[in-house]
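Here are the chains, one letter per residue:
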Amino acid sequence: MTKNTWNKRTTLVHGGARRSQYGEVSEAIFLTQGFVYDSAEAAEQRFQSLGEDEFIYARYGNPTVRMFENRLSQIVGYEDGFACTSGMAAVTGALTALLKAGDHVVAARALFGSCLYVLEDVLGRFGVKITLVDGTDNAAWEEAITDETALVFLESISNPMLEVVDLRHVVKVAHAKGALVVVDDAMATPIFSYSAACGADLCVISTTKHVDGQGRMLGGMICGSKDLIRGPIEAYMKHTGGAMNPFTAWVQLKSMDTMDLRVRAQAASVLKIAEALDGHPKLNSVRYPQLPSHPQHDIAMAQGESGGTVLAFEVKGGKEACFKLLNALEIFTISNNFADSKSIVTHPATTTHQRLPQDQKDILGISDGAVRLSVGLEDADDLIADLMQALDQI
Ligand SMILES: *Cc1c(COP(=O)(O)O)cnc(C)c1O
């Protein structure tokens, strides 16, 4: 079983492993909904109290899923995790498990569209009150978080424009008012996550992104203290049906063997590409947390080791120039996911953020010229050459 003295690379390969009586080397997939009991008494006993290695029903827990939960939560520095069907199941589960009618939530405005829908449209219908703030403005958080605030929600690095929140400060302000802090860590990546180090109570991860890392399947996890995860989070998730299936858990568990290698290689390529694009005459700006020109560069570098695997830039000439660029790219594929081993280019204004009202786009900096790049595992020099030839065609 896992030693908590292991470094990440070792934990990614061995963390949370459980072996069956057959002593298999590779982690087994337990594709089973239910579990049998030796006797009626044993069944009664198991429903009374569940041991470490005991399971009742796959919606509550499964050995393969539990391996995945243990391994990933150890990687991001939390005691435990609950694996969910998708990143959004994790976000919705964490928020709904912890909030009740009348509660006040403060959230950063630069939120993933589905997260905004859950907060405003779903939780709003049940009487949860939301205040949205500029996540990069410490004074705005201080003003918005009051004694009434039950929970604070934010993306550590926002999608798509890579705004970085001063997480340690927000946690301090929230905890002083007795509010829980929930961080969406999709862009920060589990390898470079600093939510636990900054004191966030829960981090939610779309494992669809860097954990799968190969664009195959949806998944999510809520990570936090044992008390929160095996308390209100598990209670809510196991009864409402958002648990991850064992096949997904197995694929994503095996993906973790290579996650550190993949994410570090992708992050190194993003930085190289950001530096190559910085100052290009066809661009107004390049945004990546490790570039000194990033508005929150100092905070980003004080908090995290890397800015992740995604960058954004603004092309001169708006939508028309962007479309020319997207259509001219040969290696980058036009899509809307990120963190795939294949590099992806996205025009947020006409796809992922098409429905956002113009005034909201303006506030978030999602202009018609904004382009998001998710950098994969191809050779960085090939990717730079592809971008340069496509920029030449504008
Ligand atoms: C992708 C993403 C999600 C949702 O994850 P799914 O696995 O697609 O449900 C939530 N938050 C952020 C910031 C994301 O990028």
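Cut-offs applied
Residues numbered from 1 in each chain as written. Predicted model: local features only at pLDDT ≥ 70, side-chain atom pairs only at ≥ 80, totals over all residues. Heavy atoms only, no water. Helix = DSSP H or I, 4+ residues; strand = E, 2+ residues; numbered from the N terminus. Rg over C-alpha atoms; globule rule 2.2 N^0.38 Å. Contact = heavy atoms within 4.5 Å. Areas by Shrake-Rupley, 256 points an atom, 1.4 Å probe, with all protein chains shown as cover. Lys, Arg positive; Asp, Glu negative; His and termini not counted. Charge placed at Lys NZ, Arg CZ, Asp CG, Glu CD. Phe/Tyr/Trp six-rings, centres within 6.5 Å; stacked < 30°, edge-to-face > 60°. Buried < 20%, exposed > 50% of the residue type's maximum accessible area, 1.4 Å probe, protein only. UniProt positions renumbered as here; feature names shortened; annotations may be inferred. Salt bridge = Lys/Arg side-chain N within 4 Å of Asp/Glu carboxyl O. Polar contact = N/O pair within 3.5 Å; in protein donor to acceptor, adjacent residues only side chain to side chain. Patch = residues over 30% accessible without salt bridge, like charges linked within 9 Å, V, L, I, M, F, W, Y side chains within 5 Å. Near = heavy atom within 4 Å. Pairing = 2+ DSSP bridges. Axes fitted to C-alpha atoms, helices over the stretch in contact; angles between N-to-C directions. Parallel < 35°, antiparallel > 145°, perpendicular 65-115°, else oblique. Left-handed = near helix turned anticlockwise from the far one by under 90°. Nonpolar A, V, L, I, M, F, W, Y, C, P; charged D, E, K, R; others polar.

### Side note on the overall build of the chain
Looking only at helices and strands, the chain features 14 helices and 12 strands. Taken against the 2.2 N^0.38 rule, which gives 21 Å for 394 residues, the C-alpha radius of gyration of the chain at 21 Å falls within 12% of a compact globule. If one aligns the C-alpha atoms of the chain with their principal axes, the spans along those axes are about 75 × 50 × 35 Å. Within the chain, residue pairs in contact and separated by at least 24 positions form 73% of the contacts whose partners lie at least 6 positions apart. Split by element, the accessible area of the chain, about 16,600 Å² in all, is 51% carbon and sulfur. Distance between charge centroids for the chain: 3 Å, based on 34 positive and 48 negative side chains.

### Quick word on the packing of aromatic side chains
Enumeration according to the criterion identifies three aromatic pairs in this entry. Arranged with centres 6.3 Å apart and planes meeting at 65°, the rings of tyrosine 37 and phenylalanine 47 form a pair that is edge-to-face. Here tyrosine 37, found in the loop between α1 (8–14) and α2 (40–48), pairs with phenylalanine 47, found in helix α2; they are 10 residues apart in sequence, far enough to count as distant. Since its relative accessible area comes to 25%, tyrosine 37 is described here as partly exposed. Classification of phenylalanine 47 by relative accessible area gives exposed; the value is 56%.

### Quick look at the UniProt feature "modified residue: N6-(pyridoxal phosphate)lysine" (unreviewed entry) in the chain
Mapped onto the present numbering, the UniProt feature "modified residue: N6-(pyridoxal phosphate)lysine" (unreviewed entry) falls at Lys209. Relative to the elements of secondary structure, lysine 209 occurs in the loop between β6 (202–206) and β7 (220–224). Since its relative accessible area comes to 11%, lysine 209 is described here as buried.

### Side note on the side chain of aspartate 184
Its place among the elements puts aspartate 184 in strand β5 (residues 180–184). No salt bridge is formed by the buried aspartate 184; its nearest oppositely charged neighbour, lysine 209, is found at 7.0 Å. A polar contact of 3.1 Å, which involves the side chain of aspartate 184, links it to the backbone nitrogen of alanine 186. When residues no more than four places from it in sequence are discounted, the contact partners of aspartate 184 are Val91, Cys115, Phe153, Leu154, Glu155, Ser156 and Val204.

### Brief notes about a nonpolar patch on the surface
A surface patch of nonpolar side chains, amounting to about 290 Å² of accessible area, comprises Ile29, Leu31 and Phe247. Here leucine 31 is to be found in the loop between α1 and α2.

### Let's talk about the site of the ligand
Residues in contact with the ligand amount to 13 residues; listed here are only the nearest, Gly87, Asp184, Ser206, Thr208 and Lys209. In this structure, an oxygen atom belonging to the ligand sits 2.8 Å away from a main-chain N or O atom of methionine 88. Separating an oxygen atom of the ligand from a side-chain N or O atom of serine 206 is a distance of 2.8 Å. For the ligand, the protein covers 91% of the area, taking 380 Å² as the surface of the free molecule.

### Here we look at the pattern of salt bridges
This model, assessed by the stated rule, comprises 18 salt bridges. We note a salt bridge from glutamate 27 to arginine 71, for which the minimum N-O separation is 2.7 Å. Taken as a pair, glutamate 27 in the loop between α1 and α2 and arginine 71 in helix α3 (residues 63–76) lie far apart in primary sequence, 44 residues in all. With respect to class, glutamate 27 is no different from arginine 71; both count as buried. One salt bridge connects lysine 177 with aspartate 147, and the closest N-O pair in it is separated by 3.9 Å. Here lysine 177 is found in the loop between α7 (167–176) and β5, whereas its partner aspartate 147 is found in the loop between α6 (138–144) and β4 (149–155), with 30 residues between them in sequence. The exposure class of lysine 177 is partly exposed, given its relative accessible area of 35%.

### Thoughts on the sheet that holds β7
Across the sheet, which stays open at both edges, the seven strands sit in the order β1-β7-β6-β5-β4-β2-β3 with mixed pairing between neighbours. At either margin of the open sheet sits one strand with a lone partner, and together these are β1 (80–84) and β3 (129–133). The average angle at which neighbouring strand axes cross in this sheet is 20°, direction not considered. Of the strand pairs in this sheet, strand β2 (residues 104–108) and β4 are connected by four bridges, and their pairing is parallel. Looking across to β4, one finds that alanine 107 is bridged to phenylalanine 153. Of the strands in this sheet, β1, β6 and β7 are in contact with α3, which crosses β1 at around 125°.

### Section: the packing of α3 against helix α9 (residues 246–255)
As a packed pair, α3 and α9 sit with axes 8 Å apart at the nearest point and diverge in direction by 40°. Relative to α9, α3 is oriented oblique. Two packed elements cross with a definite hand, and for α3 against α9 that hand is left-handed. Counted together, Thr64, Val65, Met67, Phe68 and Arg71 of α3 and Pro246, Ala249, Trp250, Gln252 and Leu253 of α9 form the full contact between these two elements. Along the lines of polarity and charge, the residues of the contact of α3 with α9 split into seven nonpolar, two polar and one charged.

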